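Structural overview
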Amino acid sequence: GNSVTQMEGPVTLSEEAFLTINCTYTATGYPSLFWYVQYPGEGLQLLLKATKADDKGSNKGFEATYRKETTSFHLEKGSVQVSDSAVYFCALRGLTGGGNKLTFGTGTQLKVEL
Amino acid sequence: DGGITQSPKYLFRKEGQNVTLSCEQNLNHDAMYWYRQDPGQGLRLIYYSQIVNDFQKGDIAEGYSVSREKKESFPLTVTSAQKNPTAFYLCASSQQRNTEAFFGQGTRLTVV
């Protein structure tokens with residue numbers, strides 16, 4: 001079946017540091033890939049997405065590139081802010097095996113300090 | 001504004017009681033989902049529905065039930081058979097395959 005593996009957190013960074021959160025996946029075919037963000041006590045918000053190999057999703061300074069050869073979709077940001085502190089989830093939706101549902105990673109908590 | 005509304009935001013129930021969580025969407029989405037989130041863990045799929053009057057079990061359906069009588073609504077009942085019901089419950093909807101899902105703000109259920 002489909003699965004998503006994320007690096008474990010928490011990740012603690014100083015403001016303006018470079019961020020990378022690793023995400024790799026296992027799926028048949030060509031899934032769509034997503035990054036969601038969750039602030040404390042809230043639901044998930046879509047951060048960015050990519051639907052085919054070599055696509056780059058970007059939003060609010062965050063980027064992730066769909067790498068089929070390494071089955072990865074790592075999240076990056078050049079300069080984090082305190083307001084980026086949240087939990088980040090990598091997810092995929094496959095075309096086969098699993099219907100129309102999203103499969104999530106376990107989430108990575110990011111803490112940004114002044 | 002279009003979106004997904006979950007109610008209530010906080011819910012307290014006594015052990016052994018059934019409780020129903022509401023989820024309504026006005027996005028005209030065909031598919032709806034219920035996820036459970038426990039502290040420090042990812043999201044686990046409880047049930048999902050791709051069309052009205054049809055739904056499928058997810059990975060942790062035991063102790064839960066759902067209905068999909070209207071396109072806009074997908075209520076989740078947490079029954080007394082659910083051994084550890086205290087958790088954060090998230091409802092989501094999406095339009096088609098390979099499109100993103102939109103989430104509600106969640107309901108935090110505490111069973112005492």
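Structure: see above.
What comes next concerns the included structure. (Residues numbered from 1 in each chain as written. Chains lettered and ligands numbered in written order. Predicted model: local features only at pLDDT ≥ 70, side-chain atom pairs only at ≥ 80, totals over all residues. Heavy atoms only, no water.)

What chain A contains, in helices and strands, is zero helices and 12 strands. Shown N-terminal to C-terminal, the secondary structure of chain A runs as helices and strands in the order β-β-β-β-β-β-β-β-β-β-β-β. For a compact globule of 114 residues, the expected C-alpha radius of gyration is about 13 Å, and chain A comes in at 14 Å, within 12% of that figure. For chain A, the spread of C-alpha atoms along the three principal axes comes to 45 × 30 × 20 Å. Among the 114 residues that make up chain A, the fraction classed as buried is 45%. Counted over contacts in chain A with a minimum sequence separation of 6, partners at least 24 positions apart contribute 58%. Of the side-chain charges in chain A, 10 are positive and 11 negative, and the distance between the mean point of each set is 10 Å. (Helix = DSSP H or I, 4+ residues; strand = E, 2+ residues; numbered from the N terminus. Rg over C-alpha atoms; globule rule 2.2 N^0.38 Å. Buried < 20%, exposed > 50% of the residue type's maximum accessible area, 1.4 Å probe, protein only. Contact = heavy atoms within 4.5 Å. Lys, Arg positive; Asp, Glu negative; His and termini not counted. Charge placed at Lys NZ, Arg CZ, Asp CG, Glu CD.)

All names here are of chain A. Side-chain alternation along strand β2 (residues 11-14) places Val11 and Leu13 on a buried face and Thr12 and Ser14 on a face that remains uncovered. Where β2 and strand β12 (residues 108-113) come together, four bridges link them in parallel fashion. Pairing of Thr12 across the sheet is with Lys111, part of β12. (Pairing = 2+ DSSP bridges.)

What follows covers the pattern of salt bridges. Residue and element names in this part refer to chain B. Under the definition given, this model contains seven salt bridges over all chains. Salt-bridge contacts for Lys71 lead to Asp30; the nearest nitrogen and oxygen are separated by 3.3 Å. Of this pair, Lys71 sits in the loop between β7 (64-66) and β8 (76-78) while Asp30 is found in the loop between β3 (19-25) and β4 (31-37), placing the two residues 41 residues apart along the sequence. Through salt bridges with shared partners, a single ionic network connects Arg36, Asp38 and Arg44. (Salt bridge = Lys/Arg side-chain N within 4 Å of Asp/Glu carboxyl O.)

Right, let's get into the nonpolar core. For soluble globular proteins, nonpolar side chains are generally found buried alongside one another. Counting 25 residues, the largest nonpolar core has Trp35, Leu48, Phe73, Leu75 and Tyr88 of chain A as its most contacted members. Elements with a contribution of two residues or more to this core: β2, β3 (19-21), β4 (23-26), β5 (32-38), β6 (44-50), β8 (62-65), β10 (86-93) and β12 of chain A. Looking at this core, the element that brings in the most residues is β10 of chain A, giving four residues. Other than its neighbours up to four places away in sequence, Leu48 of chain A contacts Leu33, Phe34, Trp35, Gly57, Ser58, Asn59, Phe62, Glu63, Ala64, Phe73 and Leu75 of chain A. Listed in part, the 19 residues of the second largest apolar core include Val19, Phe74, Leu76 and Leu109 of chain B. (Core = buried A, V, L, I, M, F, W, Y, C linked by side-chain atoms within 4.5 Å.)

In this section: the pairing of β3 of chain B. All names here are of chain B. Where burial is concerned, the two faces of β3 differ: the one with Val19, Leu21, Cys23 and Gln25 is buried and the one with Thr20, Ser22 and Glu24 is not. Note: strand β1 (residues 4-7) against β3, four bridges, orientation antiparallel. Of the residues in β3, the one forming a bridge with Ile4 is Gln25. Two elements, β3 and β8, share three bridges in a ladder whose sense is antiparallel. Looking at the pairing, Val19 lines up with Val78 of β8.

Turning next to the sheet that holds β8 of chain B. Residues and elements named next belong to chain B. Ordered in space as β1-β3-β8-β7, the four strands form an open sheet in which the pairing is antiparallel. Lying at the two open borders of the sheet, with one neighbouring strand each, are β1 and β7. Ignoring which end each strand starts from, the neighbouring axes of this sheet average 20° apart. (Axes fitted to C-alpha atoms, helices over the stretch in contact; angles between N-to-C directions.)

With that settled, consider the state of the cysteines. According to the stated counting rule, one finds two disulfides over all chains in the structure shown. Cys23 of chain A shares a disulfide with Cys90 of chain A; S-S distance 2.0 Å. Across the S-S bond of Cys23 of chain A and Cys90 of chain A the torsion is about -70°, and the bridge reads as left-handed. Note that Cys23 of chain A is positioned in strand β4 and Cys90 of chain A in strand β10, a separation of 67 residues in sequence. The partner cysteine of Cys23 of chain B in its disulfide is Cys91 of chain B, sulfur to sulfur 1.9 Å. Across the S-S bond of Cys23 of chain B and Cys91 of chain B the torsion is about -75°, and the bridge reads as left-handed. Placement of the pair is Cys23 of chain B in strand β3 and Cys91 of chain B in strand β9 (residues 87-94), with a sequence separation of 68 residues. (Disulfide = S-S within 2.5 Å.)

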